[in-house]
Amino acid sequence: MTTAPRAAHEAAAAHLGDVEPHRRQTFGLRLDRWWDDLHDALATVYARDADALALRVVAQAARAFAERDPELHRLDEQRTLRPDWFQDETLVGYAAYAERFGGDLAGVGERVGYLRELGVGYLHLMPLLLPREGDSDGGYAVADYRAVRPDLGTLDDLRDLATRLRREGISLVLDLVLNHVAREHPWAVAARTGDERYRRYFHVFPDRTGPDAYERTLPEVFPATAPGSFTWDDELDGWVWTTFNTFQWDLDWSNPDVLAELVDVVLFLAGLGVEVLRLDAIAFLWKRLGTSCQNQPEVHAITQALRAVARIACPATVFKAEAIVGPHDLVHYLGQGRHHGRVSDLAYHNGLMVHVWSMLASGDVRLAARALAALPPVPSTTAWVAYVRCHDDIGWAVDDADAAAVGLDGHAHRAFLSDWYGGDFPGSWARGLVFQHDPATGDRRISGTAASLVGLADAVDPQQVDAALARLLLAHAIVLGWGGVPVLWSGDELGQPNDPHWADEPGHGDDNRWAHRPRLDPGAVARRHDPGTVPGRVFEGLQRLVRARAAMPHLDASVAAEVLTPSDPGVLPVLRRHPLGPLLELCNVTGERRPWPVQRVRDVGLADVVDAITGDPVAAGDDGHLWLPPYGVVWLVEGS
C-alpha cells in the first residue's frame, strides 16, 4: 500500500471545510488506505484521464464526508471495527415493494415490529427512486436519482425510514441502476436537445452500421417484448443503445463524466442512510465489439473504483452485485485475481436458487451437487445473498457441461423445468406462469410465488397441504443453511399464492412477474400466529429456522459451504467446517423417506449428533442409516 499523493490530500482538504480535526484525520487515513484501489482501478479503465479523475472523485468523497450525519459517522466507525457485519449468522433479509408491503415509506416504518418477529436485519425495498411515467420496467427506468416516487413519500421520508430502521438494527437496501437511465432522465433530455456533453453519456450511432456489428453477438434480454438492443430516436437523430427496453438508455461508462456522476449518486444515497446498494444490471456496463457485452473486465475495475470511494467517505455502505450470469462468471463479482476482495461485498447466488427448484422438480440432487461443488471459492471477506426466489422471473441457468456430467441433456432439462413449473408436466404440483418464451431458443422462464411453485396454492386435502408446506420449508432451510445473507421475499413467509388479479393494474398486463409480487395480505398477517392456518404454519416454520440459524456460528459467511458427494440421489449433503466442530446439513428433496449412512456422519467428525433445528438427538436405525422424512432436513452437530 502506498500513501495517497499530496495532490489527493490537497484536493480533499479543499472540500472538507470546517470538519473537526479528528474527522479530518480519519478521512486522511482512509484516503491513504484506499488510494491504491481507487487509482489502480481508474487507470485500468480510463488510462490517461485516471490522475485527474482520481482527484475529482476524492473531492466528491470529501464533500460527502463533510456533510455526513454524525450518526452515520458513528456507524462508519462501528463498521470499520467490524467489517464482517454482513457475514453474521444472525443476519436475515427481507425484500419487498414498499407500496405492497406498507403502502408508503411511513407505512413500511410502522411494520418494523413485524420484520423483527422474523429476525430481519436487512430490508431491501425495490426501486423507489423516481421512475419515468407509465411503463418503467418495475421502477428500473430511473428519471431522477435524487427524488422518491411521490406516492411513497419524499426524500425526508426516506431518510427518516433509514434512521428508524437503523435504530432497530435493520439495514436499508436500495437499488442503484448503473447500466441505464430512463429516456426522460435529465441527461437523456439534454442529449436529445443537442447538448454534446450529454450526448456523450450514451452510446449513439448515426446509422445501423455500429448496431448491426454489435448485434451479431448480443443476446436479447426481452425478446418477446423488446427485441433488439438499439432504438432509433428522432429527437436524438440516432440509434441509442437500449439493452432492456426502448425507454432505458444505456450509459457509456467509457466516458469519465459518467463515472463521476454515479459516484455522486452513490455518495448521495449513502448520505440518506442507505447501507447496502444493489448494483443493478452490473454485468452489462462495458461494451466490447464481438462479445456478448456482459462480464467484461472493465466492469470489475469500475466496481472497485466505486467501492474505494465508498470506503473513503462512507464505509458503512456496502455493495451488492446483481449479476445473473453463469456460475464461472458470477464469482468475479465478489473478486477474483487482481480484484480479489476489492469489488462487491455481496452477490446474488442465482445458481443456488435455480438448483433448489431443479432438485424439488426432479427429486434428484446430483446435478445440483455437481454444479454447486464446482463453483470456485470466493473471498472470505464477502458473502452470497441466497434466496428461494426474488422479484424477477426464474431463468434456468443450468450449465450444459454440468448436466452432461450427470447424464442429462442441458436443453432437455431446462425444458423439463419450464414444463414442470408451468404446470404442464404430468404429475406436476406447481402452478407457475411461463414468462418470455423465446421460440428461437426454446427458452422459457417462470414466474410464481414460492407457495404457488411448491403446490401450496392449489393443495386441497391435508396430505397435499402437508407435502407442499414441507417443500416450502425445505427450500428455505437450504437457503438459510447456505450461509451469507438469506433473503425472504415478501408474502412467502405467509404462504401467499400468485395474485390472480396481477394483470388488472395499469402497466402490468404484459408482465406476469407481477403475479409473484402480491400485496402483503392483512388477513394472512393476522393469522401468522395461528398454528391451525397455512400462514401460521409457514410463519412459525420460518421463525424456527431463523432462530436455529442465529444460534449457529457455523453459518457465518466466512465459513465455506462444502457440497459433499451424495450417497443417495435424493439427499443433498452440505458440510461446514468450523472451529467449534462440523455442521452437516442433510436435505431430502423427495416425497419419500431417504437414508444417509451413519458412517459418513462419523467420517466428517460427528458422533453423538443432534439436529440443531429442533435440538433433538438423531439416532441411527438398525441398518446403520439415518432416515430423513419426506422433504425433511436436519442440521447435524455434535451433542453437548
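Above: the structure in question.
Residues numbered from 1 in each chain as written. Predicted model: local features only at pLDDT ≥ 70, side-chain atom pairs only at ≥ 80, totals over all residues. Heavy atoms only, no water.

J.: Which residues make up the environment of Asp-392, and what are the values?
T.: Within the fold, Asp-392 resides in the loop between strand S14 (383-387) and helix H17 (400-405). Given the relative accessible area of 21%, Asp-392 is considered partly exposed. With 15 residues separating them along the chain, Asp-392 and Gly-407 place their C-alpha atoms 30 Å apart. Residues in contact with Asp-392, not counting those within four places in the same chain, are Arg-513 and His-516. (Helix = DSSP H or I, 4+ residues; strand = E, 2+ residues; numbered from the N terminus. Buried < 20%, exposed > 50% of the residue type's maximum accessible area, 1.4 Å probe, protein only. Contact = heavy atoms within 4.5 Å.)

J.: Describe in detail the pairing of strand S1 (residues 92-96), supporting the description with residues and values.
T.: Within S1, five of the five residues are buried, leaving the element largely enclosed by the surrounding structure. By the alternation rule, side chains of S1 split into Val-92, Tyr-94 and Ala-96 and Gly-93 and Ala-95, which are all buried. Where S1 lies against strand S2 (residues 120-125), five bridges are found, and the strand directions are parallel. Note on S2: the bridge partner recorded for Val-92 is Val-120. Of the strand pairs in this sheet, S1 and strand S17 (residues 485-489) are connected by three bridges, and their pairing is parallel. (Pairing = 2+ DSSP bridges.)

J.: Tell me about the sheet that holds strand S8 (residues 230-233), and name the residues and values.
T.: Spatially, three strands are ordered S7-S9-S8 in an open sheet, and the strand pairing comes out antiparallel. Two strands bound the open sheet, and with one partner strand each, they are strand S7 (204-205) and S8. Pairing of S8 with strand S9 (residues 238-241), which is carried by four bridges, proceeds in the antiparallel orientation. Among the inter-strand pairings, Thr-231 is bridged to a residue of S9, identified as Val-240.

J.: Please set out helix H20 (residues 462-480) residue by residue, giving values where relevant.
T.: Given 3.6 residues per turn, any residue in an α-helix points the same way as the ones three and four places further on. For H20, which comprises 19 residues, the first-to-last C-alpha distance of 26 Å matches the rise-based estimate of 27 Å (1.5 Å per residue) to within 8%. A distance of 3.0 Å separates the backbone nitrogen of Gln-463 from a side-chain oxygen at the start of H20, and that oxygen is part of Asp-461. (Expected span 1.5 Å × (residues − 1). Polar contact = N/O pair within 3.5 Å; in protein donor to acceptor, adjacent residues only side chain to side chain.)

J.: Break down unusual backbone geometry for me, citing the residues and quoting the values.
T.: For Asp-237, which is not glycine, the phi torsion reads 55 degrees and is therefore positive. Position of Asp-237 relative to the elements: it lies in the loop between S8 and S9. A positive phi angle, close to 55 degrees, is found at Gln-436, a residue other than glycine. By secondary structure assignment, the location of Gln-436 is in strand S15 (residues 433-438).

J.: Would you mind going over the nonpolar core in detail, with residue names and values included?
T.: Here is a general trend for soluble globular proteins: nonpolar side chains tend to be buried in one another's company. Counting 204 residues, the largest nonpolar core has Tyr-94, Trp-253, Trp-357 and Tyr-421 as the members making the most contacts within it. The dominant element in this core, judged by the number of residues it contributes, is H20, at 11 residues. One finds Leu-586, Val-601, Val-609 and Leu-626 within the second-largest nonpolar core, a separate group that totals 15 residues. (Core = buried A, V, L, I, M, F, W, Y, C linked by side-chain atoms within 4.5 Å.)

J.: If you had to explain the packing of helix H2 (residues 21-46) against helix H3 (residues 50-67) to someone new, which residues and values would you point to?
T.: When two helices pack together, their arrangement is given by the angle between the helix axes and by the axis-to-axis distance. For the pair H2 and H3, the least separation of the axes is 9 Å and the interaxial angle reads 145 degrees. Crossing of H2 over H3 shows right-handed handedness. Residue-level contacts link Arg-23, Phe-27, Arg-30, Leu-31, Trp-35, Leu-38, His-39, Leu-42, Ala-43 and Tyr-46 of H2 to Ala-50, Asp-51, Leu-53, Ala-54, Leu-55, Val-57, Val-58, Ala-61, Ala-62 and Phe-65 of H3. The residue inventory of the contact of H2 with H3, partitioned by class, reads 16 nonpolar, one polar and three charged. (Axes fitted to C-alpha atoms, helices over the stretch in contact; angles between N-to-C directions. Left-handed = near helix turned anticlockwise from the far one by under 90°. Nonpolar A, V, L, I, M, F, W, Y, C, P; charged D, E, K, R; others polar.)

J.: Could you give me a rundown of the packing of aromatic side chains, with the residues and numbers involved?
T.: A full pass over the atoms with the stated rule returns 28 aromatic pairs. Ring plane angle 50 degrees and centroid distance 6.5 Å describe the contact between Phe-205 and Trp-241, whose orientation is recorded as tilted. Highlighted residues: Phe-205 in strand S7 and Trp-241 in strand S9, separated in sequence by 36 residues. Overall, the relative accessible area of 1% leaves Trp-241 in the buried class. Pairing Trp-420 with Trp-429 gives two aromatic rings, centres 5.3 Å apart and planes at 85 degrees, and the pair type is edge-to-face. Accessibility expressed as a relative area gives 17% for Trp-429, which makes it buried. If you follow Lys-287 out to its NZ or CZ, it ends over the ring of Trp-241, 4.9 Å from the centre. Residue placement shows Arg-471 over the ring face of Trp-429; its charged tip is 4.0 Å from the ring centre. (Phe/Tyr/Trp six-rings, centres within 6.5 Å; stacked < 30°, edge-to-face > 60°. Lys NZ or Arg CZ within 6 Å of the ring centre and 35° of its normal.)

J.: Describe the pattern of salt bridges, and please don't skip the residues or the numbers.
T.: In total, this model carries 45 salt bridges according to the counting rule given. Notably, a salt bridge pairs Arg-278 with Asp-175, separated by 2.4 Å at the nearest N-O pair. Residue Arg-278 is located in strand S11 (residues 276-280), and its partner Asp-175 is located in strand S5 (residues 171-177); the two are separated by 103 residues in the primary sequence. The same class applies to Arg-278 and to Asp-175, which are both buried. With a closest N to O distance of 2.9 Å, Arg-389 and Asp-492 form a salt bridge. With Arg-389 in the loop between S14 and H17 and Asp-492 in the loop between S17 and helix H21 (522-526), the pair connects residues that are 103 residues apart, well separated along the chain. Accessibility assignment for this pair places Arg-389 and Asp-492 in one class, buried. Each member of the salt-bridge network shares a partner with another, and the members are Asp-137, Asp-392, Asp-393, Arg-445, Asp-511 and Arg-513. (Salt bridge = Lys/Arg side-chain N within 4 Å of Asp/Glu carboxyl O.)

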